[in-house]
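Architecture and fold: a report
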Amino acid sequence: MNCQDPKILDRLERLLVSYIYKEYLGQTWRGENIPKHLFRSFAASARRLSDSFTEKRKDFRGHYLRTKESRSGYLLYFHLASMVRTIAVLEEIRRRGAWPAGPLRILDVGAGSAPSLWAAAFAASCWGNEIESVTAIDYERRILSDANKLWRALSDDTKWKLPPLRTQVVDVRRRTDSSRDTSSTHLVFCSNVLNEVAGEATGLGVLFRNRLDPDGLMVVVEPALRTTSRALQAFRDRFVERTECSIPFPCGHEKPCPLNLEPKDWCHFETSWSPPPVRRRLEKSLGHQTGSLKYSYLVLRQPAAHPFQNGYRVLSDPLSTPQGNRLLLCTPGGKVALGFGKLLPTFRRGDLLATETPLPESLFQQRKVRYAYEFTLPAGSHVDRI
């Protein structure tokens, strides 16, 4: 199944609407249009949450999902979008040959309604994995109750063989390694948590060292705002300093993030989607963009003898300059402006490319030009998307 298939997203959204009607309103939803007064309530809740996550982050307060109204807005506006973003990251992992084989044990830190677990269930069903166990931890008891019921509803609706969801109330702002399950974990999700704790989550290092399987992955996904993305980059560099690890995606290196030297730059990605009807209607009501989802992410794993990739991450769409066409690349030595002369490269931001020969070490001894090193490919050189 393709998660971009509108029919699948429509079906999952109907599951969410049915759940809200049953659990919050005590009614049965039969597919009719949501009444205007009820939709206005959903839109108002979605707007408050969206504002809290973006321009009003300084006023952000915990336990924002205590009320049914807030949880309704969250489920209808954020749940499926978060799932699709996480699937985009998991697809990148699989493309690069790093997706775990065999049964999966999964832990979701700061799970909320567990959209990351929905993404993992979707991926496992597509790629032939059995899910052995799933655990969700969060500091809000009410949203964990929703996550548990929705997990069962997802299993019933899709007929996927999903194990029971274990939940535990834990304040992830203070500690994360208090799950009763001490077995090693193949996938640890941490979605939108750093955004809520101002980039500080030292307990993730404890989880990484004590719970992650030697071949496991920790997947951290954050909003693509400049503030939140830069907080993720800063977290990345602190994590590397304190914990022996590798970062196969998106970076491919463990050197300091070159974008941290530039206050106006940040690392983010984008995936297209066809939002289901209620989400699309909410986007229109809130005046938000539709058709694409932006995000920032990190994938952390134990140090690997053999890296999963040997290339450079593209940080920009092609740039036209008086000196010719360029791409900005993330490399272990810093950000590089790779020149193509008059040739227009077909690469886009987020692609991974490999040059015929590695960029020369001497390049990084040069003077910086506009916060980037410059290197023009010799005539006839080959650049491949990998």
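So, here is what we can say about the structure in this document. Keep in mind the model is a prediction, meaning the values are calculated, not measured. (Residues numbered from 1 in each chain as written. Predicted model: local features only at pLDDT ≥ 70, side-chain atom pairs only at ≥ 80, totals over all residues. Heavy atoms only, no water.)

So, about the overall build of the protein chain. When you go through the protein chain residue by residue, the secondary structure sums to nine helices and 15 strands. Considering only residue pairs separated by 6 or more positions, the protein chain has 76% of its internal contacts joining residues 24 or more positions apart. Carbon and sulfur atoms form 49% of the exposed surface of the protein chain, whose accessible area is close to 18,200 Å². (Helix = DSSP H or I, 4+ residues; strand = E, 2+ residues; numbered from the N terminus. Contact = heavy atoms within 4.5 Å. Areas by Shrake-Rupley, 256 points an atom, 1.4 Å probe, with all protein chains shown as cover.)

A word on the nonpolar core. Nonpolar side chains tend to gather and get buried jointly when the protein is soluble and globular. Formed by 84 residues in total, the largest nonpolar core has its most connected members in Met 83, Ile 93, Ile 106, Leu 117, Trp 118 and Trp 151. Element by element, the count of residues in this core is highest for helix 3 (residues 68-95), at 14 residues. Setting aside anything within four residues of it in sequence, one finds Ile 106 in contact with Leu 117, Ala 120, Ile 131, Ser 133, Val 134, Thr 135, Thr 185, Leu 187 and Phe 189. Residues Leu 107, Leu 207, Phe 235 and Cys 245 belong to the second largest nonpolar core, which totals 22 residues. (Core = buried A, V, L, I, M, F, W, Y, C linked by side-chain atoms within 4.5 Å. Buried < 20%, exposed > 50% of the residue type's maximum accessible area, 1.4 Å probe, protein only.)

Contact pair helix 3 / helix 4 (residues 115-127): the axes reach a minimum separation of 8 Å and the direction vectors enclose 45 degrees. Considered as vectors, helix 3 and helix 4 are oriented oblique to each other. The handedness of the crossing between helix 3 and helix 4 comes out as right-handed. Contacts between helix 3 and helix 4 pair His 79, Leu 80, Ser 82, Met 83, Thr 86, Ile 87, Leu 90, Glu 91 and Arg 94 from the former with Pro 115, Ser 116, Trp 118, Ala 119, Ala 120, Phe 122, Ala 123 and Trp 127 from the latter. (Axes fitted to C-alpha atoms, helices over the stretch in contact; angles between N-to-C directions. Parallel < 35°, antiparallel > 145°, perpendicular 65-115°, else oblique. Left-handed = near helix turned anticlockwise from the far one by under 90°.)

Below, the discussion takes up unusual backbone geometry. Backbone torsion omega between Phe 249 and Pro 250 reads -5 degrees, so that peptide bond is classified as cis. Considering the arrangement of structural elements, one finds Pro 250 in the loop between strand 6 (246-249) and strand 7 (269-272). Even without glycine at this site, Ala 114 takes up a positive phi of about 70 degrees. The residue Ala 114 is located in the loop between strand 1 (104-109) and helix 4 in this model. Taking relative accessible area as the criterion, Ala 114 reaches 0% and is therefore assigned buried. Even without a glycine there, the phi angle at Asn 192 is positive, about 65 degrees. By secondary structure assignment, the location of Asn 192 is in the loop between strand 4 (185-191) and helix 6 (193-196). A relative accessible area of 23% means that Asn 192 is categorised as partly exposed.

The next thing to look at is the side chain of Asp 237. Locating Asp 237 in the fold gives a position in helix 8 (residues 226-242). On the basis of relative accessibility, which here comes to 15%, the residue Asp 237 falls in the buried class.

Here we come to the state of the cysteines. One pass over the structure, following the stated rule, counts zero disulfides. Considering cysteine sulfurs only, Cys 251 is the nearest to Cys 245, which forms no disulfide, with 9.8 Å between them. Among the cysteines around Cys 251, which has no disulfide bond, Cys 330 carries the closest sulfur, lying 5.9 Å off. Under the relative-accessibility criterion, Cys 251 is labelled buried at 12%. (Disulfide = S-S within 2.5 Å.)

Among the structural elements, Val 169 can be located in strand 3 (residues 165-169). Separated by 30 residues in sequence, Val 169 and Tyr 139 place their C-alpha atoms 5.0 Å apart. If we skip the residues at most four places from it in the chain, Val 169 touches Asp 138, Tyr 139, Arg 141 and Leu 144.

So, about helix 8. Between its first and last C-alpha atoms helix 8 spans 24 Å; for 17 residues at 1.5 Å apiece the expected length is 24 Å, and the two agree. Burial in helix 8 covers these residues: Thr 228, Ser 229, Leu 232, Gln 233, Phe 235, Arg 236, Asp 237 and Phe 239. (Expected span 1.5 Å × (residues − 1).)

As a further point, take helix 9 (residues 277-286). Of the residues making up helix 9, those classed as buried are Val 278, Arg 279, Leu 282, Glu 283 and Leu 286. Buried residues along helix 9 cover an arc of 140 degrees about the axis, so they all sit on one side. Considering only its buried residues, helix 9 is in contact with helix 1 (6-25), helix 2 (36-53), helix 3 and strand 8 (292-301). Downstream of helix 9 by one or two residues, Gly 287 has phi in the positive range, about 70 degrees. (Arc of directions from axis to C-beta.)

Such coordinate-based values are descriptive only and should not be taken to indicate function.
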